[in-house]
Amino acid sequence: MKRMISLRDQRINAKDRAKARVKKKEDPSAIKEREVPQHPSCLFFQYNTQLGPPYHILVDTNFINFSIKAKLDLVQSMMDCLYAKCIPCITDCVMAEIEKLGQRYRVALRIAKDPRFERLPCMHKGTYADDCLVQRVTQHKCYIVATVDKELKRRIRKIPGVPIMYISRHRYNIERMPDDYGAPRF
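As annotated in an unreviewed UniProt entry, the protein carries the name rRNA-processing protein FCF1 homolog and comes from Dromaius novaehollandiae. The Subcellular location (unreviewed entry) field of the UniProt record for the protein holds the comment "Nucleus, Nucleolus".

As structure tokens, this is what we get:
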């Protein structure tokens, strides 16, 4: 097996030899730059100031299915939980996911097509609803996310200032909501 000689090797002519890299000494008086993530201006400590009535609630597929199983009316139960007007929002990805589930979930599809629900168009490719919801909540902190999915909850908890609505004991509960907004604590 043949080996190649490095261009820095002493056996190569001086004119053909690669220049040795000179390490620059750092100037202590120079301003040091580093990447710092910019926090949104709506967050005051851990509280989100963009949240307020009427609440816009992003609804996930499994939240609709579990609400049907628990025999809960979505809009009325949301209003009972938050003591204010609620506008459930559904993205195109979530709608596509419900449509893909087929005939067994036709009741969920009928609920999702309710005129009280606000439709949010998606501009990205693919129909993976969890990524869509996380991306939308990261960009706009004015939403509450309604989900029962443990993995999605874990991903949303990493984003500061986003409350999560979930179902427990046949009623809706909310976590990470500021006390000032009147959401009940259980």
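There is more to say after this.
**Digging into the side chain of Thr-61**
Checked against the element boundaries, Thr-61 lands in helix H1 (residues 61–69). According to the relative accessible area criterion, Thr-61 is buried, its value standing at 4%.

**Overview of the pairing of strand S4 (residues 86–91)**
Counting buried residues along S4, 6 of its 6 residues qualify, which places the element largely inside the surrounding structure. Inspection of the sheet shows S4 paired to strand S5 (residues 118–120) by 3 bridges, in the parallel sense. Each residue of the ladder has a partner; that of Thr-91, found in S5, is Leu-120.

**A closer look at the packing of helix H3 (residues 92–100) against helix H5 (residues 129–139)**
Two elements in contact, H3 and H5, have axes separated by 8 Å at closest approach and are oriented at 165°. One way to sum up the angle between H3 and H5 is to call them roughly antiparallel. At the point where H3 passes H5, the crossing takes the left-handed sense. When H3 is examined against H5, the residues Cys-93, Val-94 and Glu-97 are found in contact with a partner set consisting of Ala-129, Cys-132 and Leu-133. Its residues assigned to classes, the contact of H3 with H5 shows 5 nonpolar, no polar and 1 charged.

**As for helix H2 (residues 74–82)**
Those residues of H2 that fall on the buried side of the exposure criterion are Leu-74, Val-75, Ser-77, Met-78, Cys-81 and Leu-82. Buried residues in H2, looked at end-on, bunch into an arc of 165°, giving them a common side. Downstream of H2 by a residue or two, Tyr-83 has a phi angle that is positive, lying close to 55°.

**Some thoughts on the UniProt feature "domain: PIN" (unreviewed entry) in the protein**
Look at the UniProt record and you will see "domain: PIN" (unreviewed entry) annotated at residues 55–154. Counted over residues 55–154, helix gives 50% and strand 18%. Its end C-alpha atoms are 22 Å apart.

**Things to note about the pattern of salt bridges**
Following the criterion strictly, the structure yields 7 salt bridges and no others. Across the pair Asp-9 and Arg-11 runs a salt bridge, and its minimum N-O distance is 2.9 Å. Put simply, Asp-92 and Arg-119 hold a salt bridge, and the shortest N to O gap is 2.8 Å. Within this pair, whereas Asp-92 is found in helix H3, its partner Arg-119 is found in strand S5, the two being separated by 27 residues in sequence.

**Some thoughts on the side chain of Glu-175**
Position of Glu-175 among the secondary structure elements: in strand S8 (residues 171–175). With a relative accessible area of 18%, Glu-175 lands in the buried category. Beyond its immediate sequence surroundings of up to four residues, Glu-175 is in contact with Arg-157, Pro-163, Ile-164 and Tyr-166.

**Let's talk about the packing of aromatic side chains**
Evaluated as defined, the whole model comprises 1 aromatic pair. A centroid spacing of 4.8 Å and a plane angle of 40° characterise the contact between Phe-63 and Tyr-172, whose relative ring orientation is tilted. You can see Phe-63 sitting in helix H1 and its partner Tyr-172 sitting in strand S8, a full 109 residues away along the chain. Grouping residues by exposure puts Phe-63 and Tyr-172 together as buried. For the cation-ring pair, Lys-69 lies above Phe-66, with the distance from its terminal atom to the ring centre recorded as 5.2 Å.

Procedures and definitions
Residues numbered from 1 in each chain as written. Predicted model: local features only at pLDDT ≥ 70, side-chain atom pairs only at ≥ 80, totals over all residues. Heavy atoms only, no water. UniProt positions renumbered as here; feature names shortened; annotations may be inferred. Helix = DSSP H or I, 4+ residues; strand = E, 2+ residues; numbered from the N terminus. Buried < 20%, exposed > 50% of the residue type's maximum accessible area, 1.4 Å probe, protein only. Pairing = 2+ DSSP bridges. Axes fitted to C-alpha atoms, helices over the stretch in contact; angles between N-to-C directions. Parallel < 35°, antiparallel > 145°, perpendicular 65-115°, else oblique. Left-handed = near helix turned anticlockwise from the far one by under 90°. Contact = heavy atoms within 4.5 Å. Nonpolar A, V, L, I, M, F, W, Y, C, P; charged D, E, K, R; others polar. Arc of directions from axis to C-beta. Salt bridge = Lys/Arg side-chain N within 4 Å of Asp/Glu carboxyl O. Phe/Tyr/Trp six-rings, centres within 6.5 Å; stacked < 30°, edge-to-face > 60°. Lys NZ or Arg CZ within 6 Å of the ring centre and 35° of its normal.

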